[in-house]
Amino acid sequence: MTALTTANELQLRRQKLIEAHVDAESNHDIKGTLATFAEANYDVVPLGAPTNGATAVHELLDMLFTAFPDFHADTMALHHGQDIVFADVRMTGTHLGPWAGVPATGRNIDVRCGCVFHFDGDRLLKETVYFDHATLLAQIGIGA
């Protein structure tokens, strides 16, 4: 087996894992999302603090799915690096529960995100999520 074949196989394994991860998130399957991690870690940068461990990640996702019960994520593109995969993602949903201290407004969100999936080989260690929180807040009626 050549190094190129091995690299392509690693990219394919990572891509399948990310697809399973995003599908689980979109289906609000917290257990399934957690199962994609070797170590459950999110760093949702606009929220200001990393979320480490299965219990904390479960709470983060529960908060997200309570705030946006029809939350959905669509992966628009994947870009493979040495130990990361960058995903260009579109997240949508309806604000029907509290989010970042804001009571439900019933308004829709449609926000682009940059998601960095950190890997050790084909083991997913962490997801770092970047998005414009001011845009999300404006879409739910704060500061608009």
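My aim in this report is to walk through the structure given alongside it, one point at a time. Keep in mind that this is a model prediction, so the values were computed, not measured. Residue numbering note: each chain is counted from 1, following its sequence as written. The predicted nature of this model means local features are confined to residues of pLDDT at least 70 and side-chain atom pairs, given and counted, to a pLDDT of 80 or more, with totals for whole chains, interfaces and linings taken over all residues. Side-chain metrics rest on all non-hydrogen atoms present in the structure, leaving aside hydrogens and water.

1. Things to note about the nonpolar core
- Judged by nonpolar contacts, the single largest core of 36 residues is most densely connected at Y42, F68, W99, F117, F131, L136 and I140.
- Contacts are assigned to residue pairs that have any heavy atoms within 4.5 Å of one another. Residues in contact with L136, not counting those within four places in the same chain, are F68, M91, W99, I109, V111 and F131. Only buried residues count toward a nonpolar core, which is a set of Ala, Val, Leu, Ile, Met, Phe, Trp, Tyr and Cys residues joined through side-chain atoms within 4.5 Å. To sort residues, take the accessible area from a 1.4 Å probe on protein chains only and compare it with the maximum for the residue type: under 20% means buried, over 50% means exposed, and anything in between is partly exposed.

2. A closer look at the sheet that holds strand β3 (residues 72–80)
- Only when DSSP finds a minimum of two bridges between them are two strands counted as paired. Helix numbers and strand numbers start at the N terminus; a helix is a DSSP run of H or I with at least 4 residues, a strand a run of E with at least 2. Spatially, β2-β1-β6-β5-β4-β3 is the arrangement adopted by the six strands of the open sheet, whose pairing is mixed. Both outer strands of the open sheet, β2 (51–52) and β3, are each paired with one neighbouring strand and no more.
- The pairing of strand β1 (residues 41–44) with strand β6 (residues 123–131) spans three bridges and is classified as parallel. Considered in β6, the bridge of Y42 is made with E127.
- Relative to β1, helix α3 (residues 54–67) is tilted by about 50 degrees, and along the sheet it contacts β1, β2 and β4 (84–94). Think of each axis as a best-fit line through the C-alpha atoms, taken over the contacting stretch in the case of a helix, with angles from 0 to 180 degrees between the N-to-C directions.

3. Considering unusual backbone geometry
- In the Ramachandran plot, H28 falls in the positive-phi region, its phi being about 60 degrees despite a non-glycine side chain.
- Checked against the element boundaries, H28 lands in the loop between α1 (3–26) and α2 (30–35).
- You can call H28 partly exposed: its relative accessible area is 25%.
- A positive phi is found at A100, a non-glycine position, where the angle reads about 50 degrees.
- As for its position among the elements, A100 is in the loop between β4 and β5 (108–120).

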